[in-house]
Amino acid sequence: MKRNEININGTAYPCSPTMGAMLRFKQETGREITEIDPTSFSDLCTYLWCCVASAAKREGKPFDMSLMDFADNLTPEDMTQWSEAIKGEDEPDADTSGEKKRKRRQASTSS
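Quantities reported herein were computed from a predicted structural model and do not represent experimental measurements.

The rules behind the values
- Residues numbered from 1 in each chain as written.
- Predicted model: local features only at pLDDT ≥ 70, side-chain atom pairs only at ≥ 80, totals over all residues.
- Heavy atoms only, no water.
- Salt bridge = Lys/Arg side-chain N within 4 Å of Asp/Glu carboxyl O.
- Buried < 20%, exposed > 50% of the residue type's maximum accessible area, 1.4 Å probe, protein only.
- Helix = DSSP H or I, 4+ residues; strand = E, 2+ residues; numbered from the N terminus.
- Pairing = 2+ DSSP bridges.

**Looking at the pattern of salt bridges**
Side chains that differ in sign of charge can pair as their charged atoms come close.
In step 1: Considering all chains together, one arrives at three salt bridges under this definition.
In step 2: For the salt bridge of R58 with E59, the shortest nitrogen-to-oxygen distance reads 3.7 Å.
In step 3: Its relative accessible area of 44% is what places R58 among the partly exposed residues.
In step 4: On the accessibility criterion, E59 (36% relative accessible area) is partly exposed.

So, in structure tokens, the structure goes:
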């Protein structure tokens, strides 16, 4: 899992889509993350807060912002940056492409 960060008021916080983030989203909204409406700012902001709260807890970084405090300090640019970062995680990595795997396999069998 790629480690992302988001800056809020000049402080960098870790941000990762963990199982804890998914459970927090369910607690906050009563819905599973599979039910997130990608056009809903509220859903995306809530999920981002969940990702930050969970990753900060995992890494031992203090994070005590409520969802509303978080939203009050989040800019549209922050949301766009985060959205772009998670979209990039869904794209196939060149190092895991079938062609690279095939070449590595061939190299290991010819040795």
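**Here we look at the environment of L23**
In step 1: Tracing the chain through its elements places L23 in helix 1 (residues 19–29).
In step 2: Here the alpha-carbon distance between L23 and S54, two residues 31 residues apart in the chain, equals 9.5 Å.

**Focus: the pairing of strand 1 (residues 4–8)**
Within a regular beta strand, the side chains point alternately toward one face of the sheet and then the other, so they alternate between its two faces.
In step 1: Of the two faces of strand 1, the one lined by N4, I6 and I8 is fully buried and the one lined by E5 and N7 carries no buried residue.
In step 2: Pairing between strand 1 and strand 2 (residues 11–15): five bridges, direction antiparallel. Looking at strand 2, one finds that N7 is bridged to A12.
In step 3: Linking strand 1 to strand 2, which pair antiparallel, is a turn of two residues; within it N9 sits at a positive phi near 50°.

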